[in-house]
Amino acid sequence: SVGNPHLRKLLVEKYKANPFIHFPNVILNNSFICEDLCIGEGCIVSMDVKISTNVKLGDFVFVNMDSTICHDGVIGDYVSINPAVKIAGAVNIGRETEVGIGTNVIQGITIGKNVVVGAGSVIIRDIEDSCTIVGNPGRKVR
């Protein structure tokens with residue numbers, strides 16, 4: 001697993017041309033995942049992860065240990081969700097976004113693509129594409 005979404009995408013693009021390389025999903029046994037999870041290819045779901053009902057994970061998503069994704073969430077391709085992230089229901093996270101350790105995202109938020117959310121942030125407003133967000137409440141720093 002590669003934590004950086006952009007590097008992970010570059011590696012996948014490089015190796016996908018080889019017909020002998022396959023990208024299975026890896027889900028650790030001690031995670032709790034509802035049966036209706038819609039999951040792309042090459043995803044990794046680490047230990048103690050909880051994924052609720054009607055969640056969609058895109059391709060090559062990495063959900064790190066002790067994170068929670070609540071109902072009706074949509075997580076885009078190449079997203080990295082670091083340890084102890086809590087995502088409430090109906091949250092949409094755009095592709096190639098990295099959500100820092102211990103972040104909390106409230107219900108119904110949209111986080112754009114190519115975003116970096118700093119560790120421990122609390123996201124209470126939608127986030128535009130291609131920026132860095134930090135703090136409580138989360139605010140744009142670039």
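Worth saying up front: this structure is predicted, and the values here are computed from it rather than measured. (Residues numbered from 1 in each chain as written. Predicted model: local features only at pLDDT ≥ 70, side-chain atom pairs only at ≥ 80, totals over all residues. Heavy atoms only, no water.)

So, the overall build of the protein
Formally: A run of DSSP states H or I qualifies as a helix once it reaches four residues; a run of E qualifies as a strand once it reaches two. Both are numbered from the N-terminal end. A radius of gyration in this sense is built from C-alpha atoms; the matching globule rule multiplies 2.2 Å by the number of residues raised to 0.38. Exposed residues in this analysis have more than 50% of their type's maximum accessible area, buried residues have under 20%, and partly exposed residues fall in between, with area computed by a 1.4 Å probe over protein chains only. Note on definitions: a residue-residue contact is assigned when non-hydrogen atoms from the two residues lie within 4.5 Å. Per-residue accessibility takes into account occlusion by the displayed protein chains alone, with areas from the Shrake-Rupley method and a 1.4 Å probe.
Each helix and strand counted, the protein has one helix and 19 strands in total. Against the 2.2 N^0.38 benchmark of 14 Å for 142 residues, the protein shows a C-alpha radius of gyration of 14 Å, consistent with a compact globule. For the C-alpha atoms alone, the extent of the protein along its principal axes is close to 45 × 30 × 20 Å. Each of the 142 residues in the protein was classed as buried or not, and the buried ones make up 41%. In the protein, of all internal contacts separated by at least 6 residues, the share reaching a separation of at least 24 is 8%. Surface accessibility of the protein: about 7100 Å² in total, with carbon and sulfur atoms responsible for 56%.

A short note on the sheet that holds strand β5 (residues 50-51)
To keep it simple, the criterion reads: Whether two strands pair depends on DSSP finding at least two bridges between them.
Read across the open sheet, the six strands follow the order β2-β5-β8-β11-β14-β17; overall the sheet is parallel. If you trace the sheet from one side to the other, it starts and ends with β2 (32-33) and β17 (122-123), each paired once. As defined by bridge partners, strand β14 (residues 104-105) adjoins β17 across two bridges and the pair is classed as parallel. Bridging from a neighbouring strand, Val105 pairs with Ile123 of β17.

Side note on the environment of Val61
Of note, Val61 is situated in the loop between β6 (56-57) and β7 (62-63). For Val61, a relative accessible area of 1% gives the class buried. Between the alpha carbons of Val61 and Asp77 there is a distance of 6.0 Å; along the sequence they are 16 residues apart. Those residues in contact with Val61, other than ones at most four positions away along the chain, are Gly42, Cys43, Ile44, Ile75, Gly76, Tyr78 and Val79.

Some thoughts on the nonpolar core
Going by this rule: By nonpolar core we mean a set of buried residues, namely Ala, Val, Leu, Ile, Met, Phe, Trp, Tyr and Cys, connected to one another through side-chain atoms within 4.5 Å.
Within the largest apolar cluster, 27 residues are counted, with the highest numbers of intra-cluster contacts made by Leu57, Ile69, Ile75 and Ile87. If we ignore the near neighbours within four places in the chain, the residues touching Leu57 are Leu37, Cys38, Ile39, Gly40, Cys43, Val45, Ile51, Val63, Ile69 and Ile75.

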